[in-house]
Structures are given as structure tokens and as C-alpha cells.
Amino acid sequence: MSASQPQPTADAPPVDVPADVPTLLVKIFGKDRPGITAGLFDTLAAYSVDVVDIEQVVTRGRIVLCALVTQPPAGLEGDLRSTVHSWAESMKMQAEIISGIGDNRPRGTGRSHVTVLGHPLTAESAASIAAAITGTGGNIDRIFRLAKYPVTAVEFAVSGTATEELRTALATKAAKLGVDVAVVSAGLHRRAQRLVVMDVDSTLIQDEVIELFAAHAGCEDKVAEVTAAAMRGELDFEQSLHARVALLEGLDASVVEKVRSEVQLTSGARTLIRTLKRLGYQVGVVSGGFTQVTDDLKERLGLDFAQANTLEIVDGKLTGRVTGEIVDRAGKARLLRRFAAEAGVPLAQTVAIGDGANDLDMLNAAGLGVAFNAKPVVREAAHTAVNVPFLDTVLYLLGVTREEVEAADAQGA
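Residues numbered from 1 in each chain as written. Predicted model: local features only at pLDDT ≥ 70, side-chain atom pairs only at ≥ 80, totals over all residues. Heavy atoms only, no water.

Further remarks concern the UniProt feature "domain: ACT" (unreviewed entry) in the protein chain. Residues annotated by UniProt as "domain: ACT" (unreviewed entry) correspond here to residues 25-103. Structurally, residues 25-103 is divided into 30% helix and 42% strand, and its ends, taken at the C-alpha atoms, are 10 Å apart. (UniProt positions renumbered as here; feature names shortened; annotations may be inferred. Helix = DSSP H or I, 4+ residues; strand = E, 2+ residues; numbered from the N terminus.)

Between helix α1 (residues 36-45) and helix α2 (residues 77-90), whose axes approach to 10 Å, the crossing angle comes to 155 degrees. As far as their axial angle goes, α2 and α1 are roughly antiparallel. Handedness of the crossing formed by α1 with α2: right-handed. Contact with α1, carried on its side by I36, G39, L40, T43 and L44, involves L80, T83, V84 and W87 of α2 and no other residues of that element. Across the contact of α1 with α2, the residue classes tally to six nonpolar, three polar and no charged. (Axes fitted to C-alpha atoms, helices over the stretch in contact; angles between N-to-C directions. Parallel < 35°, antiparallel > 145°, perpendicular 65-115°, else oblique. Left-handed = near helix turned anticlockwise from the far one by under 90°. Contact = heavy atoms within 4.5 Å. Nonpolar A, V, L, I, M, F, W, Y, C, P; charged D, E, K, R; others polar.)

What follows concerns the packing of aromatic side chains. By the definition in use, this model includes two aromatic pairs. Ring centres of F305 and F339 lie 4.7 Å apart, and the angle between their planes is 15 degrees; on these two criteria the pair is classed as stacked. Pair noted here: F305 is in strand β11 (residues 305-314) and F339 is in helix α11 (residues 329-343), with a separation of 34 residues, a long-range link. For the pair F305 and F339, one class covers both residues: buried. Between K27 and the ring centre of F29, over which it is positioned, the NZ or CZ distance is 5.3 Å. (Phe/Tyr/Trp six-rings, centres within 6.5 Å; stacked < 30°, edge-to-face > 60°. Buried < 20%, exposed > 50% of the residue type's maximum accessible area, 1.4 Å probe, protein only. Lys NZ or Arg CZ within 6 Å of the ring centre and 35° of its normal.)

For the rest of this paragraph, the subject is α11. Between its terminal C-alpha atoms α11 stretches 22 Å, which fits the 21 Å expected from 15 residues at 1.5 Å a residue. Among all positions of α11, only G331, K332, A333, L335, L336, F339, A340 and A343 are buried. The secondary structure elements touched by the buried residues of α11 are β9 (195-198), β10 (282-290), β11, β13 (350-354) and α12 (360-365). The N-cap residue of α11 is D328: its side-chain oxygen and the backbone nitrogen of A330 are 3.4 Å apart. Downstream of α11 by a residue or two, G344 has a phi angle that is positive, lying close to 70 degrees. (Expected span 1.5 Å × (residues − 1). Polar contact = N/O pair within 3.5 Å; in protein donor to acceptor, adjacent residues only side chain to side chain.)

Take the sheet that holds strand β7 (residues 152-159) next. If you trace the four strands from one edge of the open sheet to the other, you get β6-β7-β5-β8, paired in antiparallel fashion. Edge positions in the sheet fall to β6 (139-147) and β8 (180-185), since each of these pairs with one other strand and no more. Pairwise comparison of adjacent strand axes, ignoring direction, gives a mean angle of 20 degrees for this sheet. Where β6 and β7 come together, seven bridges link them in antiparallel fashion. Each residue of the ladder has a partner; that of I140, found in β7, is V158. In this fold helix α3 (residues 123-135) packs onto β5 (111-118), β6, β7 and β8, with an angle of close to 15 degrees to the strand it touches most, β7. Against the sheet, helix α4 (residues 163-177) makes contact with β5, β7 and β8, and its axis sits at roughly 180 degrees relative to β8, the strand it touches most. (Pairing = 2+ DSSP bridges.)

Turning our attention to the sheet that holds strand β4 (residues 94-101). Read across the sheet, four strands follow the order β2-β3-β1-β4 without closing on themselves; strand pairing throughout is antiparallel. Edge positions in the sheet fall to β2 (51-59) and β4, since each has one partner strand and no second. Strand-to-strand twist in this sheet, taken as the mean axis angle between neighbours without regard to direction, amounts to 10 degrees. Pairing geometry for strand β1 (residues 22-31) and strand β3 (residues 62-70), over nine bridges, is antiparallel. Paired with L25 across the two strands is L68, which belongs to β3. Running over the sheet, α1 touches β1, β2 and β3 and is turned about 25 degrees from β3. α2 contacts β1 and β4 of the sheet and is inclined by roughly 155 degrees relative to β4.

Let us look at the side chain of S112. Mapping S112 onto the fold places it in strand β5. There is a polar contact of 2.7 Å between the side chain of S112 and the side chain of T163. Beyond its immediate stretch of four places on either side in the chain, S112 contacts F156, A157, V158, T161, T163, L166, V183, V184, S185 and A186.

In C-alpha cells:
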């Protein structure tokens, strides 16, 4: 800071640049190389200017560096401009200097993060999303890429419009474009400790566990008939659960180990859980399936919570019944709340992931509900949807970049 401005203390807020103070926007662009940022500020330091704002972007080896600084003392602006241009030329770069007044204009109230996932992300999709943001009265303050694989993920920092209004507008647009869009409110809570709870069948794993058991019992067709009846609304979940489990009566308990070995994790599941745990998140699963499988997944993946239905086993045989609390649609939401209380995490800080109608109450109860490769009715009701077969793309919705994922892997190796 210049000597004319008071120094902030630990108990006082920093001094803002008054709205009527002349400022210069110094923009440097060209081929990136080490020392550019230091060189620009070394050049500006000779003119006793204060730094108001800095932005720097590097894309495919090209740098754009912007510095908003206070106007130098009287009579020195011309010399500053000449010196900056000469320095830029010596670096084989271009410079632009624009006079103005004060700081950047304040961002509008209502701030959100809009994450867009494309596989691929087309120019048409980017244009449509940007236009939809503008159509709600929002302003795009910043854009950056979160990941380039397994999908292209970019994040828009948006201000000037309410998060819910923005979410509604973009959900409709995303469905037409075939891209995934998540809208969450900005704030410190995004990086706070969180709890992530996910469904198991067709979410954490690729399989339906009841079908794996049915294959060993030779009753796949009958199980499929009951499932179809439930989907037609002829049976509720609890009725269909009891009907399907009854078909497993007499099956040898040794099948449990076979089913465990047959379970296939969804692509990206290990990466998602490993990264969340390294970031300090707590992770759990709830399932309309069976504890005989979820308990094994909890141990293998280092999960903090797991709850499902339990197949009754007597004398080494499945009885065709389940014991204990039934985990159904309402039960999943109830367990989310229970896990959150045990984890000491506010419900607003929870993330739920699921694919079926039985997950809807849980998705709606969570701070962020993510429909993963879900049925249309679930996609429409959830806060956001992911329609690519990679579970770790959920990390991007939380603002975690691919580089951070890889850095966490390197540290944990």
C-alpha cells in the first residue's frame, strides 16, 4: 500500500478503493513462460501503485494476465504506460492499458456455481447455457475448467440471480442439450465438511443384488415378474421386497460369498470414495438390498455408514424372509438424517446420490440430491442429474478438480 493509505489491522477491515479513485487496468497477453507475472509487477513497482485486483488465465500455453492498479503519482502515468509496453515488447508479448475509476463493479446479489458436464461439451451447448444464464438476469463472473476427462467439466461463477431460479431454467435447457448441469449456491459451505450418502444397486455398483441371488436360485424370471408388477404400481416396495425374497427360500448361505465376488463397482466409484475420504468427507450407503453385501462393501471401501435390509439365515439356509427395519423409500431419507446427526453434519451439508424412485425422498432431503443415470421421473425431481457412467464425476459438482483428484492420489500412494 502507498503511504497515503492507512494500514489495516487484525481487528479492522481492509481499506477499499474509493469509487472515485482513478485506476488502470493493465492487460498482458501472449506466450506463457516463467517470470511473466513477477516481471510485470516488478515493472509496476517502480511507480508506487497499489494492486486492487489480479486475474490470470493460461490456456494451451497462452497467458492473459490482468492487473487493476491505482493510478501512479501525478505526471508518471505516461512513463508507466511507456515502460509497461516496452517491457511487454521485450517479452514478445502485447500490452493494453485502460484508464478507469475505482474497483470492479460489485457483483449482483445471489451467487451460484453452475457446473456443466459434457461428453463431449459442444460449442452449441456452451452457448445455450450461457444464454440461459443471461436470460435469468444472471451475470457470468468467471469460467474455468474442472476436468478434461473422463468428461469435460467447466464451472461458471454466476451472480445477480437466485440459485433456485437459475437451477430451474438450466434444468430444462440441459435436458434438451443432453448435458448435465448442477447449480449450487456459492459460499463457504461448499468446502465445509460434508456427508455423502449413496444408493447401492445401479449407483455404487452396476448390479441389482436381488438379481444376483435369484440367478443362483434359478428364479430370475419370477423375480423379474415381481419387479415389473412393482413398477406398474401393483405392489409397493415392501410388498415386492417380501415377494422377491420369498423366492430365495432354501438357498444355501454359501451363495452370499459368491454374490459378493460377483458385485461390480460402477466406474469411478473407488476414485469418488477415496477422494472424498482424503478430503475429510464422511461417506455412507443405504440400500433396499441386503446387509450381506453392503457390510462387505463398507469394509472393502472404508465407508463410514451402511444400512440395508437383512436376509434371514437359519441353519445355513436362506429362509425367504428379511429381519429388522425395512429400508424403503422413506427409510432411506430417515437414514440420511440419522447418519448426518451421527456425523455432526447439518442436513444442508449432505449430498445424496441415487437412481430410482425409492431414492427420491433421500435426494430431496439432502442439501444436494444427485440423480445418477436415473429414470426420467427421478432426474426431474432431483437437484441435478449426472447421465455419464462415471461416478467420480460427482466430485466436479462439489468443485473438486481433476488435478486435485490426481494430487490426492499421488499423496496417498
